[in-house]
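# Tertiary structure, described
What follows is each chain in one-letter form.
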Amino acid sequence: MKAKLTKAGLVASLAVGVLLTGCATDAPQDTWQPEGYYAREIDNLQRPVFYVAGIVGVIVTAAVLYCVIKFRARAGEEVVPHQSHGNTKLEIGLTLLSTLTLVAIVPSSVGTLWRVTNKPDNAMNVTVIGQQWWWEYQYDGMNIVTANELVIPEKTKIRLRITSRDVIHSFWIPKLNGKRDAVPNRYHTLNLESDGTGVYDGQCTEFCGLSHANMRQKAVVLSDADFKVWVANQQQNAAQPPAATMAAKGEETFIAQCVRCHQVNGLQNANGEPLQSQADEQLVSGAAPNLTHLMSRTTFAGGTFNLKNEGCDATPPGTPTGTTLECLNRSQLEAWLRNAPEEKPMYAILNDDKKYRGMPNLNLTEQQIDELVAYLATLK
Amino acid sequence: MAIIESTPQTLGKTLELTAAPVAVTPPATLGLLRRPMSTTGWKSWVFTVDHKKLGIMYGVSAFVFFVLGGFEALLIRIQLARPNGKFLSADVYNQMFTMHATTMVFLFVMPMAAAFANYFVPLQIGARDVAFPRINALGFWLFLFGAIFINLSWLLGGAADGGWFAYAPNTGTVFSPTHGMDFWALGLQITGIASLTGAINLIVTVINMRAPGMTMMRMPVFTWMIMVIQFLLVFAIPVISVALFLLTFSRLYGATFFDTQKGADPLLWQHLFWIFGHPEVYILILPSFGIVSEVLPVFSKKPLFGYNFVVFSGVAIGFMGWGVWAHHMFASGIGPISVTVFALTTMLIAIPTGVKIVNWVGTLWGGSLTFSTAMLFAIGLIIEFTIGGLSGVTHALAASDMQQTDTYYIVAHFHYVLFGGAIFGIMSGFYYWWPKIFGRMLNEKLGKLHFWLFVAGTNLTFGPMHIVGLQGQPRRMYLYPDGYGFGFWNLVESIGAFIIATGVLVFIINVVRTARGPANAPLDPWDARSLEWLTTSPPKEHNFDAIPHVHHLDEFFHQKYAEDENGNLVKVKTAEQLMAEQEAAKDAHIHLPSPSYWPMIISFAITMLALGVIYSLPLAIASAVVVLAGVYGWLLEPSVADDSDSDPAIHGSSDGKELAHG
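These figures come from a predicted structure and were not determined experimentally. (Residues numbered from 1 in each chain as written. Chains lettered and ligands numbered in written order. Predicted model: local features only at pLDDT ≥ 70, side-chain atom pairs only at ≥ 80, totals over all residues.)

The helix and strand tally for chain B stands at 18 helices and two strands. Taking 2.2 N^0.38 as the reference for a compact globule, 662 residues should give roughly 26 Å; the C-alpha atoms of chain B span a radius of gyration of 25 Å, in line with that estimate. Taken along the three principal axes of its C-alpha coordinates, chain B extends 80 × 70 × 45 Å. Counting across all 662 residues of chain B, residues that qualify as buried make up 61%. (Helix = DSSP H or I, 4+ residues; strand = E, 2+ residues; numbered from the N terminus. Rg over C-alpha atoms; globule rule 2.2 N^0.38 Å. Buried ≥ 20, exposed ≤ 12 C-beta atoms within 10 Å, placed from the backbone.)

A separate point is the overall build of chain A. Across its full length, chain A carries eight helices and 12 strands. Taken along its principal axes, the extent of the C-alpha atoms in chain A is 100 × 45 × 40 Å. Sequence-distant contacts, at least 24 apart, represent 67% of the contacts inside chain A between residues at least 6 apart. (Contact = placed C-beta atoms within 7 Å.)

This paragraph deals with the sheet that holds strand β2 (residues 134–139) of chain A. Sheets are built from strands that pair by backbone hydrogen bonding, the pairs being arranged parallel or antiparallel. Residue and element names in this part refer to chain A. In spatial order, the strands read β3-β2-β1-β5-β8; together these five strands make up an open sheet with mixed pairing. The open sheet has two edge strands with one neighbour each: β3 (144–147) and β8 (188–192). Each adjacent strand pair in this sheet contributes to an overall mean axis angle of 25°, direction not counted. Relative to β2, strand β1 (residues 124–131) runs antiparallel, the two sharing six bridges. (Pairing = 2+ DSSP bridges. Axes fitted to C-alpha atoms, helices over the stretch in contact; angles between N-to-C directions.)

Residues and elements named next belong to chain A. What helix α8 (residues 366–376) keeps buried is the set Gln-368, Glu-371, Leu-372, Tyr-375 and Leu-376. What you see down the axis of α8 is that its buried residues fit within an arc of 135°, all on one side. Across α8 from its buried face, at more than 90 degrees, point the exposed residues Glu-366 and Gln-367. Contacts from the buried residues of α8 go to α5 (246–258) and α6 (330–338). (Arc of directions from axis to C-beta.)

With that out of the way, let us pick up the packing of helix α4 (residues 133–152) of chain B against helix α17 (residues 598–615) of chain B. Helices that pack against each other are described as a pair by the angle of their axes relative to one another and the distance between those axes. All names here are of chain B. Their axes nearest at 8 Å, the elements α4 and α17 cross at an angle of 30°. By the criterion of interaxial angle, the relationship of α4 to α17 is roughly parallel. Crossing angle aside, the handedness with which α4 passes α17 is right-handed. On the side of α4, the interface is formed by Arg-134, Ala-137, Leu-138, Trp-141, Leu-142, Phe-145, Gly-146 and Phe-149, while α17 contributes Trp-598, Pro-599, Met-600, Ile-602, Ser-603, Phe-604, Ile-606, Thr-607 and Ala-610. In the contact of α4 with α17, the residues fall into 13 nonpolar, three polar and one charged. (Parallel < 35°, antiparallel > 145°, perpendicular 65-115°, else oblique. Left-handed = near helix turned anticlockwise from the far one by under 90°. Nonpolar A, V, L, I, M, F, W, Y, C, P; charged D, E, K, R; others polar.)

Before going further, it helps to examine the interface of chain A and chain B. Taken together, the contacts link 82 residues of chain A with 82 residues of chain B. Here the side of chain A that touches chain B is built from residues that sort into 44 nonpolar, 27 polar and 11 charged.

Here we take up the sheet that holds strand β4 (residues 149–153) of chain A. Residue and element names in this part refer to chain A. Pairing is mixed in the open sheet, where three strands are placed in the order β4-β10-β9. Since the sheet does not close on itself, it has two edges, and those belong to β4 and β9 (198–203), each with one partner. Each neighbouring strand pair of the sheet contributes to a mean axis angle of 20°, computed without reference to strand direction. Relative to strand β10 (residues 216–222), β4 runs parallel, the two sharing five bridges. Note that in β10 the partner of Pro-153 across the bridge is Leu-222.

Across chain A, pLDDT averages 91, with 93% of residues at or above 70. Throughout residues 1–5 of chain A the model reports pLDDT below 50, and contacts reaching past four residues in sequence, or to other chains, amount to five contacts. (pLDDT = per-residue confidence, 0-100.)

Okay, α6 of chain A next. Residue and element names in this part refer to chain A. Leu-333, Trp-336 and Leu-337 are the residues of α6 that are buried. Down the axis of α6, the buried set is contained in an arc of 95°. They therefore lie on one face. Of the surrounding elements, those touching the buried residues of α6 are β11 (299–300), β12 (305–306), α7 (340–343) and α8.

Let us now look at unusual backbone geometry. With omega at -10°, the peptide bond leading from Gln-132 of chain A into Trp-133 of chain A counts as cis. Note on placement: Trp-133 of chain A falls in the loop between β1 and β2. Here the bond from Ala-168 of chain B into Pro-169 of chain B is cis, since omega is 0°, no more than 30 degrees from zero. Mapping Pro-169 of chain B onto the fold places it in the loop between α4 and α5 (180–208). Look at Lys-354 of chain A: it is not a glycine, yet its phi comes out positive at around 60°. Its place among the elements puts Lys-354 of chain A in the loop between α7 and α8. In this model, Asp-554 of chain B sits at a positive phi of 60°, which is unusual for a non-glycine residue.

A separate point is the pairing of β2 of chain A. Residue and element names in this part refer to chain A. The antiparallel hairpin formed by β1 and β2 contains two residues in its connecting segment. Relative to β3, β2 is paired through four bridges, and the arrangement is antiparallel. Across the sheet, residue Gln-138 finds its bridge partner in β3, namely Val-145. Linkage of β2 to β3, two consecutive antiparallel strands, is achieved through a turn of four residues, within which Gly-141 is found at a positive phi near 75°.

Right, let's talk about the packing of helix α2 (residues 37–70) of chain A against helix α3 (residues 88–117) of chain A for a bit. All names here are of chain A. One way to put it is that α2 packs onto α3 with a least axis distance of 9 Å and a crossing angle of 165°. By the criterion of interaxial angle, the relationship of α2 to α3 is roughly antiparallel. Taken as a pair, α2 and α3 cross one another with a handedness that is left-handed. Facing Tyr-38, Glu-41, Ile-42, Leu-45 and Val-49 of α2, the residues of α3 in contact are Ile-105, Ser-108, Ser-109, Thr-112, Arg-115 and Val-116. Classifying every residue of the contact of α2 with α3 by side-chain character gives six nonpolar, three polar and two charged.

Take the nonpolar core next. Of all hydrophobic cores here, the largest spans 268 residues; its most connected members are Val-64 of chain A together with Val-109 and Val-295 of chain B. Of all the elements, helix α3 (residues 90–124) of chain B adds the most residues to this core, at 22 residues. For Val-64 of chain A, the residues in contact, after removing those within four places along its chain, are Val-361, Leu-364, Ile-379, Ile-382 and Ile-383 of chain B. Within the second largest apolar cluster, 27 residues are counted, among which are Leu-267, Ala-287, Leu-291 and Phe-300 of chain A. (Core = buried A, V, L, I, M, F, W, Y, C linked by C-beta atoms within 7 Å.)

A few words on the pairing of β8 of chain A. All names here are of chain A. Extensive coverage of β8 is indicated by the burial of four of its five residues. Here five bridges tie strand β5 (residues 158–164) to β8, and the two strands are oriented antiparallel to one another. Paired with Arg-161 across the bridge in β8 is Thr-189.

Here we take up the environment of Thr-461 of chain B. Residues and elements named next belong to chain B. Mapped onto the elements of the fold, Thr-461 is located in helix α13 (residues 444–470). Residue Thr-461 is classed as buried on the basis of its C-beta count, with 23 C-beta atoms lying within 10 Å. Sequence separation between Thr-461 and Met-441 is 20 residues; the distance between their C-alpha atoms is 30 Å. Setting aside chain neighbours within four positions, we find Thr-461 in contact with Glu-493, Gly-496, Ala-497 and Ile-500.

Put into structure tokens, the structure is as follows:
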């Protein structure tokens, strides 16, 4: 019995021990590996508290195990133990001690909270809009609308204003800060800052329906120079592909099928008039990702799939991040165009208001798919 | 005109108290329903108002839902065992985790607490039944029908898929087009009535029906904790009822409470849900705190250390539990001032919880400990719950909660609290009280196997969730991709879940074996301390031959033990001697409430009413008429049938009705 109970303690302390050392390599969303000011503030707060909690846990476990070993009934022992009803001084003392321990944590807890949430001076503002099941980013004053990959400059404080077009989502880049819910009819703020360049993964963390698990986001942090290049590229309209190429045929299909929901800036109809998507007539959320610079991203479909083959380093000319034709994950993109709801669970059937949630199956021919891919590859 | 005709025609008839209750032929009736009289067979269960039979039925039903909820958990764990799981579709997975939580919270832990409360509160305070026996029956049937109703949705187009927290607007018809959320909202409304009526009933029982000398501060801690949660229920259930009505009207009748297109603020639902939801957490855990506060003293042969502190910390938790709800919303965008306030209150509530743990350890300290299975589960609770409590303190730090919330770290936390806390306590209660309820001892060898499987399973399943949570694995994802470091620990978790399932299987085997075995339980198998042991096992229908007079906390212990000339405690009487004394001094007249059809009829009609609300207005109207008629039938039915009562009507009709008015 004694051995068994010690085992219980072993399991418990092992759990605590593993917990305390639980900093894995190869964990892109590890909350214990901060890469920027805000996440580090949180980390500085939680680390000591975890250690204190661990110590308290070990003390309680040890006290219980001590009792179990020391005070177990011995065979043949018939004496009724002293019927102690308690010890008021001990109770009050321990209550005060635990109160003081908690009070000691309060200043750093509240201080960190306010430092993390306060509005920074001279921040770059980005509006973040969640919808089933992807993110849209609108760069205030820059005339840039993009999706899923939030491109930001390093060592710069970013002020996000977060909202939603349908249900509640939650924006989270663990290595840069905690999370903040995206709630329709409300704007919530979240600060980000990164120490250096890199790509930081995140995931929608408020349950948002069918494909909640497939709503991913990244923060792509560029050097100042690269960021300027990226901005300049994003502000360009899409170029028209040369006539009679596959891409040009793809553009026709795009205009016929895709522009209903997906905006491509600079796209014109046969009369040379600019085309404006009307996603609000097709989709519950009223928005689909702007594809003007699709190839400046590395993922698609709400960050679910790699647009860029893994291990492929090249970036398209004129932009510091994105996918070249050689690196294009063509098979996945084709599969998506062939039957999107098969690739990612979506309510892509018409509801009572004749609207979809997510991208429907467009019943494209293989020929059309090839042409569309050729066109999309031009959207750098 | 009374719907039930009950002619007093058996004047002077007395019932043998020591023998099995005598079946009395019901009188001829002119009314609608002949009063049920069966004391054996299925009718004696279905129409019973006996708190013990209702307690057992609560327990059996809740356990069935525990197995169902556990089955759902296993499907979830199979899906998550490896990255990119393909076992369940996203749609089915979302229904599965919604129903797993709903089942475990509303259909297992809450009714299981009701099972223990129903069975033991009257026994612990020396009463013959609860204050309102028919309302007690109504509560049980509402719970059972409501629970079945919620699960009917599996067969009728799909279960609820919006999570147990059901955040608006994701639960609107646009985003959740099946009837699953309707079944969920209306079903919980029905079980809510059960909780509410049960709460009123137990509060009145505890306040009014304690045996002579049983002051509040002589009540067993289990009864105290049950009373605290009944008060929580009385105030919390109306909040969720309102929320569920808003949801139902939004979904079925186009109300716009949560319609963001019309300008609704979705945070309304979150506040309503968590104002209910956080007291609910204490509703789930306090019964188990009560159980271990009974078990630890018995197997330490010492009174509970710091009884006053345990009671008052329980009451304090009951009060403070109302001031912490928004800590579920630290990332919801309620603003840093609100977050600061709720972060502070959340830290404060850790203090009374810590007080309890200190007192449990204090109870063990200096005792003479025997490690029955009940004791092992109680000790297990102290350690497992402490782990859950400490992780709770870490997310009281609002800033770090911004990282932890909606990750598996939270899943780990509340499973340590609910599995390592509430369920370990419930299991402790099973092994402790089984001989009292059924007169049979559960096998201790199998029990210990059960315990160690649970300890291993709990820590393997929920321990690694801390790690993957802090590594950034969010909750409620039907799959997780490769390459995030989640795979290994998720596999361990899934293995742990099956170890827990094996533990449950061992328990079921133990129960079946015990049921087939002889009635082998001694009168006082654990040398217990409280009044429920001062009667036969199982207790007689009227609980006590003579209502005990109470002079101490731990009255039963004090009747057995006295100080000798050296001041040492020695056993002066055995339980058998005390029992014989009681039987010799039995009360001349014992009044027991009579069975009734009405609770069953009304609860069934309410359930049909809910079904009608979803599918068919005529059915709803017809059911509403039955409910209304049922209420009249109930009102006109004497609470005690003249001819079934052991009290002869010769003593005056008012006598026979003084105990039960329900």
